[in-house]
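Spelled out, the chains give:
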Amino acid sequence: QGQLVESGGGLVQPGGSLRLSCAASGFTFGKYVMSWYRQAPGKERELVASITNGGGTTNYADSVQGRFTISRDNVKNTVYLQMNSLKPEDTAVYYCKAIWFRTYWGQGTQVTVSS
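Sequence order as written defines residue numbering, which begins from 1 separately in each chain. Residues qualify for local features only when their pLDDT is at least 70, as the model is predicted, and side-chain atom pairs are given and counted only at 80 or more; totals for whole chains, interfaces and linings, by contrast, use all residues. Excluded from the side-chain calculation are hydrogens and water; included are all heavy atoms of the structure.

### Regarding the overall build of the chain
Here is the rule: A run of H or I in DSSP counts as a helix once it spans at least four residues, and a run of E counts as a strand once it spans at least two, with each numbered from the N terminus. Our radius of gyration is a C-alpha quantity, and the globule rule it is checked against amounts to 2.2 Å times the number of residues to the power 0.38.
In terms of helices and strands, the chain carries 0 helices and 11 strands. Each helix and strand of the chain, placed in order from N terminus to C terminus, yields the pattern β-β-β-β-β-β-β-β-β-β-β. Its C-alpha atoms give the chain a radius of gyration of 13 Å, within 12% of the compact-globule value 13 Å for 115 residues. With respect to the three principal axes, the spread of C-alpha positions in the chain is 40 × 25 × 25 Å.

Shown next, in the form of structure tokens:
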């Protein structure tokens, strides 16, 4: 059974950086499109960034364009989200998602941006 495990969340001051990781197991990682979503309290879950199976194409929400970078390592079966210039409005639970033949979600990791 496929599994995704996120890590790297935490508390950071505005303007700071964090790198999230999502480790995959139990499925053929290199065939799956990987995405990062986030959900803030009282809001719907929203797409933050996605990357194609080979890593050649990435897409970002307008709100994070130029600040966040998604990448993947198909040898380590891991997808990353480098988050720079963090803002309080980036505070949310961040989830990774794998989609191809099946869809898998991770359990989420909390990111809090506050002084």
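### Comments concerning the nonpolar core
General note: in soluble globular proteins, nonpolar side chains tend to be found buried as a group. Note the cut-off: Buried Ala, Val, Leu, Ile, Met, Phe, Trp, Tyr and Cys residues form a nonpolar core when they are joined through side-chain atoms within 4.5 Å. Relative accessibility under 20% of the residue-type maximum defines a buried residue, over 50% an exposed one, and the middle range a partly exposed one, all with a 1.4 Å probe and only protein chains included.
The biggest cluster of nonpolar side chains holds 31 residues, and the ones touching the most others in it are Leu-4, Trp-36, Leu-81, Met-83 and Tyr-94. Put simply, the parts of the chain that give this core at least two residues each are strand S3 (18-25), strand S4 (33-39), strand S5 (46-51), strand S7 (68-73), strand S8 (78-83), strand S9 (92-99) and strand S11 (109-113).

### Notes on the environment of Glu-46
This is how the line gets drawn: By definition in these notes, contact holds between two residues if any of their heavy atoms fall within 4.5 Å. Any pair of N or O atoms that falls within 3.5 Å is considered a polar contact. Within protein, one atom must be able to donate a hydrogen and the other to accept it, and sequence-neighbouring residues count only if both atoms are side-chain atoms.
With respect to the helices and strands, the residue Glu-46 is situated in strand S5. Considering only alpha carbons, one finds Glu-46 and Phe-29, 17 residues apart in sequence, at a separation of 22 Å. Ignoring sequence-local partners within four residues, the contact set of Glu-46 consists of Trp-36, Tyr-37 and Arg-38. A polar contact is formed between the side chain of Glu-46 and the side chain of Arg-38, at a distance of 2.7 Å.

All quantities given are derived from atomic positions and should not be read as evidence of function.
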